[in-house]
Amino acid sequence: MHSDDVVWSMLGNRQFCSYKMTTKTQNFCRNEYNLTGLCNRSSCPLANSQYATVREEKGRCYLYMKTIERAAFPRRLWERVLLSKNYEKALEEIDENLIYWPRFIRHKCKQRFTKITQYLIRIRKLTLKRQRKLVPLRRKIERRENRREEKALIAAQLDNAIEKELLERLKQDTYGDIYNFPIHAFDKALQQQEAESESESDAEREEEDEDDEDVDKREFVEAEDSELSDFEDMDKLETSSEEEQEEEEEVEKKASHSKWKGKTPLKGPARRKRPYIEIEYEEETEPSTKTKTA
Amino acid sequence: MKTSSGIENLISYGPVPGDGAGPPAPERVLFPPTFSVSEIKNKQRRHFMFLRWKQQQRKEKLALKKKRRKEREALGDKAPPKAVPKTIENQRVYDETTVDPNDEEVAFDEATDEFAPYFNRQTVPKILITTSDRPRGRTVRFCEQLATVIPNSHVYYRRGLALKRIIPQCIARDFTDLIVINEDRKIPNGLVLSHLPDGPTAHFRMSSVRLRKEIKRKGKEPTEHVPEVILNNFTTRLGHSIGRMFAALFPHNPQFIGRQVATFHNQRDYIFFRFHRYIFKSEKKVGIQELGPRFTLKLRSLQKGTFDSKFGEYEWIHKRREMDRSRRKFHL
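Residues numbered from 1 in each chain as written. Chains lettered and ligands numbered in written order. Predicted model: local features only at pLDDT ≥ 70, side-chain atom pairs only at ≥ 80, totals over all residues. Heavy atoms only, no water.

(A) Geometry of the overall build of chain B. Counting its regular elements, chain B contains seven helices and 10 strands. Within chain B, buried positions represent 45% of all 332 residues. Counting only contacts in chain B whose residues sit at least 6 apart along the sequence, the fraction spanning at least 24 positions is 64%. Surface summary for chain B: the accessible area is close to 19500 Å², and the carbon and sulfur share equals 52%. (Helix = DSSP H or I, 4+ residues; strand = E, 2+ residues; numbered from the N terminus. Buried < 20%, exposed > 50% of the residue type's maximum accessible area, 1.4 Å probe, protein only. Contact = heavy atoms within 4.5 Å. Areas by Shrake-Rupley, 256 points an atom, 1.4 Å probe, with all protein chains shown as cover.)

Have a look at this one:
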């Protein structure tokens, strides 16, 4: 005979039920027809031959009932009733179908139905709001794009491009009267002066053939090359050449400082000029020190 | 093969005159023609021989160069023109939508598109910068810095509002552009730029974001002066429209006193943004100093109307399978 108590003492009470999940504080039942989700004598669908649940499928709620008369026919065991979409009507339908059933099952069915309708409402509300779409990153593609970006950056030679553009604009007179550079006259004289005094503050360049540099600078380079192969020297040179330009504007100093990245050979002319300029400085600072000591 | 002192055993591999046991290679090392470095089993010896082989190759290459240069000089004027090295920019597949500066159709289009009011000085740009939900520290700071770079821009927190509702409100308050910075894992990685009274919307992937404090050798803070704008290398029609979008962010009258310039440089479909302060040291020399944040953008899609991801009419989408096939084809 099919006795609930026997079933319960065999399965539910002990660890033999495969639907039973034990945790530290509680036991859960994974059976899909379970009304409360907990593993209890009154909630176990296996240990109660008269049982009912509410389940939802695709947004519609159904009441499932099981009676002892159909215990021998597993295919027809669970009887399904569609509940109305109207909340109150559905509650009445549950009451109607479960009339004369134990109070516990009726109550729990209604509670479960309420919870289900609440979460269905929430789903509908959320789908109307903005949904964040997660797009997975593909590692290979990310890596490829990063690499290409680096190469594009190197090919772009941004500083050069910007400077060229600015000089173009200066030539085309977009700045009007702000800068008083004699544009077409005195060109060569200016060029010569600049080649000497400002060759150390040239723009950064990529590693290129030596053919690309000016012939004038070339001569300097080859003479001084052996002395200036050390990078430590470059630091000293940087600081000293900073002193050189202290008189000039701050911006210019910083700009020229930022240009001294890799051109150790170009320090040649600077080196030659430095004694000339340092002497000036020493003259200026000496009197101040004298006054301090005095 | 004795394995005791690897270097001495190298004598068997070819005439090495005057080579005792020292690493420095002699002047002329002759490798027999059938010799291959990869056949040596011992790693140390193989490495040594490979270095020697490399040195020899370099010497030969240098000698060849010198010879060629001498020949060039000897020929003088009759020398053949120098060979131009191939670069990716040289080899770029010709894009039929490249804009010709004198093209009338393009000029007409530009006179009647959504940016025409801006370029006719009828509207002054006013920009709203916002982020995706719950921005983290880096993104917030980046937004602030971006707001200092772009004049007349305001930063507002998103607070979970839907973009479709924000846009009509912005239009009502006279904003001309909307920038949304998308964030992922605490770093900004996307940018949506939308021109407001139903202008085009461009969606970019943003990378290499550097805040001001991470930039080396930077200058002081950007001032309130209106910067100039430089747009480099936007050649195709698509590039042209994107370039105009960027130009429409900045007011039309740059204040040259401020000496600030914002650059959007396109190279191989990557748009590099930089913000500099410049100074003309002379008529041939200009110094630039980087202020401001920097970032790179890559265009993902261009949409005709304002932001609408589902029902929008897309003018251009980056389709990876079709467009990433060729390494020499660029779209901007």
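(B) Fine view of the overall build of chain A. Counting its secondary structure elements, chain A contains 10 helices and five strands. The buried share among the 294 residues of chain A stands at 31%. Of the contacts formed within chain A by residues at least 6 apart in sequence, a portion of 47% connects residues at least 24 apart. Element-wise, carbon and sulfur atoms account for 50% of the exposed surface of chain A, whose accessible area totals about 20900 Å².

(C) Structural context of a positive patch on the surface. Together, K54, R58, K59, K61, K65, K66, K67, R68, R69, K70, R72 and K82 of chain B make up a positively charged patch on the protein surface. Structurally, K59 of chain B is set in helix 1 (residues 43–75). (Patch = residues over 30% accessible without salt bridge, like charges linked within 9 Å, V, L, I, M, F, W, Y side chains within 5 Å. Salt bridge = Lys/Arg side-chain N within 4 Å of Asp/Glu carboxyl O. Lys, Arg positive; Asp, Glu negative; His and termini not counted. Charge placed at Lys NZ, Arg CZ, Asp CG, Glu CD.)

(D) Geometry of the sheet that holds strand 4 (residues 60–66) of chain A. All names here are of chain A. With respect to topology, three strands assemble into an open sheet ordered 3-4-5, the strand pairing being antiparallel. Edge positions in the open sheet fall to strand 3 (51–57) and strand 5 (78–82), since each of these has one partner strand only. Strand-to-strand twist in this sheet, taken as the mean axis angle between neighbours without regard to direction, amounts to 25°. (Pairing = 2+ DSSP bridges. Axes fitted to C-alpha atoms, helices over the stretch in contact; angles between N-to-C directions.)

(E) Quick look at the nonpolar core. Formed by 41 residues in total, the largest nonpolar core has its most connected members in I179, I181, F204, I242, F246 and I271 of chain B. Ignoring anything within four residues of it in the chain, the contact list for I271 of chain B reads F204, F234, I242, F246, F264, H265, N266, F295, T296, L297 and L332 of chain B. Grouped together as the second largest cluster of nonpolar side chains are 23 residues, V54, Y64, L83 and I116 of chain A included. (Core = buried A, V, L, I, M, F, W, Y, C linked by side-chain atoms within 4.5 Å.)

(F) How the structure looks around unusual backbone geometry. Positive phi, normally seen in glycine, also occurs at K58 of chain A, with a value near 50°. Its place among the elements puts K58 of chain A in the loop between strand 3 and strand 4. Unlike most non-glycine residues, R159 of chain B shows phi in positive territory, near 55°. Residue placement: R159 of chain B occurs in the loop between strand 2 (153–155) and helix 5 (163–172).

(G) Region of interest: helix 6 (residues 237–247) of chain B. The buried fraction of helix 6 of chain B is high, at eight of 11 residues. Among the residues of helix 6 of chain B, those classed as buried are L238, G239, I242, G243, R244, M245, F246 and A247 of chain B.

(H) Focus on the side chain of E228 of chain B. Mapped onto the secondary structure, E228 of chain B falls in strand 6 (residues 228–232). Polar contacts involving the side chain of E228 of chain B include one to the side chain of Y278 of chain B, which spans 2.4 Å. The contacts of E228 of chain B, once residues within four sequence positions are left out, are L166, R169 and Y175 of chain A together with P254, F256, Q260, V261, A262 and Y278 of chain B. (Polar contact = N/O pair within 3.5 Å; in protein donor to acceptor, adjacent residues only side chain to side chain.)

(I) Molecular detail of the packing of helix 2 (residues 104–112) of chain B against helix 6 of chain B. All names here are of chain B. Helix 6 packs onto helix 2 with a crossing angle of 30° between their chain directions and a minimal axis gap of 12 Å. As helix 2 runs across helix 6, the sense of the crossing is right-handed. Of helix 6, the residues touching helix 2 (which contributes E105, V106, D109 and E110) are R237, H240 and R244. Of the residues belonging to the contact of helix 2 with helix 6, the class tally is one nonpolar, one polar and five charged. (Left-handed = near helix turned anticlockwise from the far one by under 90°. Nonpolar A, V, L, I, M, F, W, Y, C, P; charged D, E, K, R; others polar.)

(J) The environment of I288 of chain B, seen in detail. Residue and element names in this part refer to chain B. Along the chain, I288 falls in strand 9 (residues 285–303). Judged by relative accessible area, which is 4%, I288 ranks as buried. Sequence-wise, I288 and R259 are 29 residues apart; in three dimensions their C-alpha atoms are separated by 9.7 Å.

(K) Spatial organisation of the confidence of the model for chain A. Residue and element names in this part refer to chain A. Looking at chain A, the pLDDT average stands at 74 and 62% of residues meet or exceed 70. Contacts for the low-pLDDT stretch residues 203–274, under 50 throughout, to residues beyond four places or in other chains number 91 contacts. Predicted confidence for residues 286–294 stays below pLDDT 50, and this span has zero contacts to residues more than four positions away or in other chains. (pLDDT = per-residue confidence, 0-100.)

(L) Region of interest: the pairing of strand 5 (residues 201–210) of chain B. All names here are of chain B. Most of strand 5 sits out of view: seven of its 10 residues are buried. Pairing analysis gives five bridges linking strand 4 (residues 187–195) to strand 5, with the strands arranged antiparallel. In the sheet register, V192 faces strand 5, and the bridge partner there is H203. Two successive antiparallel strands, strand 4 and strand 5, enclose a turn made up of five residues, where D198 displays a positive phi of approximately 35°. Summarising the sheet, strand 5 and strand 9 pair through eight bridges and their orientation is antiparallel. Residue M206 lies in a different strand from strand 9, and its bridge partner there is L297.

(M) Representation of the pattern of salt bridges. Taken as a whole and assessed by the stated rule, the structure comprises 17 salt bridges over all chains. Of the charged contacts, one joins E228 of chain B and R169 of chain A as a salt bridge, the two residues approaching to 3.1 Å between their closest N and O atoms. Taken together, the residues E228 of chain B in strand 6 and R169 of chain A in helix 5 (residues 158–171) connect one chain to another. This pair shows no difference in class: E228 of chain B is buried, exactly as R169 of chain A is. When the shortest N-O distance is used, the salt bridge between E110 of chain B and R244 of chain B registers 3.4 Å. Here E110 of chain B, found in helix 2, pairs with R244 of chain B, found in helix 6; they are 134 residues apart in sequence, far enough to count as distant.

(N) Representation of a negative patch on the surface. All names here are of chain B. A contiguous patch of negative charge on the surface is contributed by D100, D103, E104 and E105. Along the polypeptide, E104 turns up in helix 2. You can call E104 exposed: its relative accessible area is 66%.

(O) Local environment of the environment of L196 of chain B. Residues and elements named next belong to chain B. Along the chain, L196 falls in the loop between strand 4 and strand 5. For L196, a relative accessible area of 0% gives the class buried. Between the C-alpha atom of L196 and that of F175, which follows or precedes it by 21 residues, the distance is 6.9 Å. Setting aside residues no more than four positions away along its own chain, L196 makes contact with I167, C170, I171, F175, T176, D177, L178 and T306.

(P) Fine view of the side chain of N48 of chain A. All names here are of chain A. Residue placement: N48 occurs in the loop between strand 2 (27–29) and strand 3. For N48, a relative accessible area of 12% translates into the label buried. A distance of 3.0 Å separates the side chain of N48 from the backbone oxygen of S42, its partner in a polar contact. When residues no more than four places from it in sequence are discounted, the contact partners of N48 are D4, R41, S42, S43 and K66.

(Q) Spatial organisation of helix 4 (residues 139–156) of chain A. All names here are of chain A. Counted at 1.5 Å a residue, the expected span for helix 4 with its 18 residues is 26 Å, and the 25 Å between its end C-alpha atoms agrees. Buried within helix 4 we find I141, E145, E149, A152 and A156. What you see down the axis of helix 4 is that its buried residues fit within an arc of 75°, all on one side. Facing away from the buried side of helix 4 by over 90 degrees, the exposed positions are R139, K140, R143, E150, K151 and I154. Trailing helix 4 by a residue or two, Q157 shows a phi angle of about 50°, which is positive. (Expected span 1.5 Å × (residues − 1). Arc of directions from axis to C-beta.)

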